[in-house]
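Fold and contact review
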Amino acid sequence: MGQRLTYLFLFFLCLNATLLSIAYHSDTPFKLALWASAILWLNIAPIVHYLLVGHKREIFPYLPILGFFITLTYSLPVFFIRPTSYEIAPLTEKALNYAFFGYFTFYFFYFLSYPLFQFKKCFDVIAVPVTSPRVHVLALFFLAIFVISSKIYTIASLKYIGDAGIFIYLGTYLYLFGTKVRVPRWEKALYYFILAEEFVSAFLSGQFAGLALMSLFLSIVIVLVKIGFRKVIFLSVIFLIFYYFFAPVKYKYRDKVWYSHKEVSLTERINLVIELIGDTSNYNKTKLPENYKDRMNVLWRPSYDASALSLVTAKTPSEIPFTNGSTYIFLPKLIPRVFWPNKPTEDASLDFAHRYHLVNHLVTISPYPLPILAEMYMNYGEMGILIGMLCLSILYNVLNSYFNNNRIHSIGKIYGISIIFPYIYHEGNLTMTFGNIPLLTLCIYIICRVFQVRIIEMKRKLPFHLRFDP
């Protein structure tokens, strides 16, 4: 273990030295680089904790992956992108200062309270053997919810279940493949069709976040079932190839698809991608405006959160008053819209865009999300970040202990991972990101129990050590 930690510290030391000496942009004030370095080193903490303690209790390194995204958001872009080229506001030292102390608070209280969150019970909802046909039926049922709520109709009350359902479906079958469970050919064909359709849809949507998250989720399951590290490399290469060719033309594509006055068909989207990628002038940096060159950097989009925090801390409360908690809408999240048709709409990102003059007040859909850290400051300032990060650390301890627990048996691990996986980054506001967890957990629990009820009664008659597959 000591050798691993030594290698880890040496890696971070070499990475930081390389960033400061080679990647560091001359237009970036050195103070920003120092704060970015501090954030980089801060995110070594969850890796060290996982190596020392977490791996004994957890299915996968949840906090280290979260730390990777924090680094990707607030640290690495500083070395490659000029402060004036950030998306909605120039990067400020104040924003990086708050980012460091915010996540320092988060980690401090998370690790301090970690021993307190050792639940005797965890989200162990699957009591059937991995070879049972009911495992297939459950996965296909969640796929059906996803298709109905996202592809056929837009059903808000089901969409959050469907969003988790696609992870459950893809993860379940990947688990079955990895454990050599027999899967009929038609199910294999359907699986690969759905997988390809998801990747193509994410690609043609113009948003790479979905594509990146899906690739990362599948990589975690591949490592979990020990299918082979080469498949992880394969997924990573596919994603990087997509991103390399599409990143330079992404914003032109979005302008023609997102803001079109007519519905752009699938064929038109494909033709547009081919046309833009085939135009070599889109890849010639010498012909691009100076402020547009940074947009071609792979780190430009992840830097959005730091840009939003810079904007909020620069204008609040000197120009724009604190919102005093108006973005936190908790109670309506606990009641499905089917039972409360007129419940308040989640519009924190739109309100944010209007308040900070990012879009015209006539615009009803905002392309600018409200990141959690910026939201905390926007509501209550420094105290909002302190209290907010303390509460967030408790929430992550609960999620990690209940859903990412090694005591979960067999295929049930996929269900736990699928529920908490989307919360590995903080781009959306608090209630939009975490508000659906209680209902989502309850719905998945009920669905799993309904599909297993007879099997559960039979298993209860067996000795405990025979109830689950090894």
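All of these numbers come straight from a predicted model, not from anything done at the bench. (Residues numbered from 1 in each chain as written. Predicted model: local features only at pLDDT ≥ 70, side-chain atom pairs only at ≥ 80, totals over all residues. Heavy atoms only, no water.)

For the rest of this paragraph, the subject is the packing of aromatic side chains. For the coordinates displayed, the defined rule picks out 43 aromatic pairs. A ring pair is formed by tryptophan 35 and phenylalanine 101, whose centres lie 5.9 Å apart and whose planes are at 65 degrees; its orientation type is edge-to-face. In this pair, tryptophan 35 is assigned in helix H2 (residues 30-42) and phenylalanine 101 in helix H6 (residues 93-113), connecting sequence segments 66 residues apart. According to the relative accessible area criterion, tryptophan 35 is buried, its value standing at 18%. Take phenylalanine 101: its relative accessible area is 42%, and that puts it in the partly exposed class. Each ring, one from tyrosine 191 and one from tyrosine 192, has its centre 5.4 Å from the other, and the planes form 80 degrees; the classification is edge-to-face. Each residue in the set Phe60, Tyr62, Tyr74, Tyr103, Phe106, Tyr107, Tyr110, Phe111, Tyr114, Tyr396, Tyr423 and Phe434 is aromatic and connected to the rest through ring pairs, giving one cluster. Over the aromatic face of tyrosine 114 sits the side chain of arginine 57, whose NZ or CZ is 4.0 Å from the ring centroid. (Phe/Tyr/Trp six-rings, centres within 6.5 Å; stacked < 30°, edge-to-face > 60°. Helix = DSSP H or I, 4+ residues; strand = E, 2+ residues; numbered from the N terminus. Buried < 20%, exposed > 50% of the residue type's maximum accessible area, 1.4 Å probe, protein only. Lys NZ or Arg CZ within 6 Å of the ring centre and 35° of its normal.)

At 3.6 residues per turn, the α-helix brings residues three or four places apart onto the same side. Taking 1.5 Å as the rise per residue, helix H9 (residues 185-204) with 20 residues should run 28 Å; its terminal C-alpha atoms sit 28 Å apart, in good agreement. Here H9 has its buried residues at Glu187, Tyr191, Ile194, Leu195, Glu198, Phe199, Ala202, Phe203 and Leu204. (Expected span 1.5 Å × (residues − 1).)

Let's shift gears to the pattern of salt bridges. Using the criterion set out here, one finds four salt bridges in the structure. For the salt bridge of lysine 151 with glutamate 198, the shortest nitrogen-to-oxygen distance reads 3.5 Å. In this pair, lysine 151 sits in helix H7 (residues 133-152) while glutamate 198 sits in helix H9, placing the two residues 47 residues apart along the sequence. In this structure lysine 151 comes out as partly exposed when scored by relative accessible area, which is 41%. (Salt bridge = Lys/Arg side-chain N within 4 Å of Asp/Glu carboxyl O.)

This part covers the packing of helix H1 (residues 2-23) against H2. Interaxial distance between H1 and H2 falls to 11 Å at its minimum, and their mutual angle equals 165 degrees. Put simply, H1 runs roughly antiparallel to H2. Remark: the crossing between H1 and H2 carries right-handed chirality. Seen from H1, the contacting residues are Phe9, Phe12, Leu13, Leu15, Asn16, Leu19 and Leu20; seen from H2, they are Phe30, Ala33, Ser37, Leu40 and Trp41. A per-class count over the contact of H1 with H2 returns 10 nonpolar, two polar and no charged. (Axes fitted to C-alpha atoms, helices over the stretch in contact; angles between N-to-C directions. Parallel < 35°, antiparallel > 145°, perpendicular 65-115°, else oblique. Left-handed = near helix turned anticlockwise from the far one by under 90°. Contact = heavy atoms within 4.5 Å. Nonpolar A, V, L, I, M, F, W, Y, C, P; charged D, E, K, R; others polar.)

Moving on, we come to the confidence of the model for the protein chain. Scored by pLDDT, the protein chain has a mean of 84; 83% of the residues are at 70 or more. No element of the protein chain has a lower mean pLDDT than helix H14 (residues 290-293), at 63, and none a higher one than H6, at 96. Low pLDDT (under 50) marks residues 455-470, which in the prediction has 19 contacts with non-local residues, meaning those over four places away or in another chain. (pLDDT = per-residue confidence, 0-100.)

A cluster of nonpolar side chains, namely Leu442, Tyr445, Ile446 and Val450, defines an oily patch on the protein surface of about 370 Å² accessible area. Mapping tyrosine 445 onto the fold places it in helix H20 (residues 437-459). Owing to a relative accessible area of 36%, tyrosine 445 belongs among the partly exposed residues under this scheme. (Patch = residues over 30% accessible without salt bridge, like charges linked within 9 Å, V, L, I, M, F, W, Y side chains within 5 Å. Areas by Shrake-Rupley, 256 points an atom, 1.4 Å probe, with all protein chains shown as cover.)

Here we take up helix H4 (residues 62-74). Taking 1.5 Å as the rise per residue, H4 with 13 residues should run 18 Å; its terminal C-alpha atoms sit 19 Å apart, in good agreement. Of all 13 residues in H4, 12 are buried, a share of seventy percent or more. Looking only at H4, the buried set comprises Tyr62, Leu63, Pro64, Ile65, Leu66, Gly67, Phe69, Ile70, Thr71, Leu72, Thr73 and Tyr74.

What follows deals with the side chain of threonine 28. By the secondary structure assignment, threonine 28 is in the loop between H1 and H2. Among the residues examined, threonine 28 registers a relative accessible area of 2% and is labelled buried. Apart from the residues within four sequence positions on either side, threonine 28 is in contact with Val78, Ile81, Arg82 and Pro83.

Its place among the elements puts tyrosine 425 in the loop between helix H18 (412-420) and helix H19 (430-434). Residue classification places tyrosine 425 among the partly exposed residues on the basis of a relative accessible area of 26%. Dropping the residues within four chain positions of it, tyrosine 425 is found in contact with Leu66, Phe69 and Leu213.

Next up on the list: the nonpolar core. Grouped burial of nonpolar side chains is what soluble globular proteins tend to show. Counting 131 residues, the largest nonpolar core has Phe352, Tyr396 and Ile444 as its most contacted members. Ranked by residue count, the leading element in this core is helix H8 (residues 156-178), at 13 residues. Contacts of tyrosine 396, omitting those with residues within four sequence positions, involve Tyr62, Leu63, Leu66, Phe106, Tyr110, Tyr423, His426 and Phe434. Membership of the second largest hydrophobic core comes to eight residues, among which are Leu204, Leu272, Val273 and Leu276. (Core = buried A, V, L, I, M, F, W, Y, C linked by side-chain atoms within 4.5 Å.)

Attention now goes to unusual backbone geometry. Backbone torsion omega between threonine 316 and proline 317 reads 0 degrees, so that peptide bond is classified as cis. Here proline 317 shows up in the loop between helix H15 (304-315) and helix H16 (348-355). A positive phi angle, near 65 degrees, is found at lysine 180, a position not held by glycine. Tracing the chain through its elements places lysine 180 in the loop between H8 and H9. Judged by relative accessible area, which is 73%, lysine 180 ranks as exposed. You will see that asparagine 324, though not glycine, has its phi angle at about 55 degrees, which is positive. You can see asparagine 324 is positioned in the loop between H15 and H16. The exposure class of asparagine 324 is exposed, given its relative accessible area of 54%.

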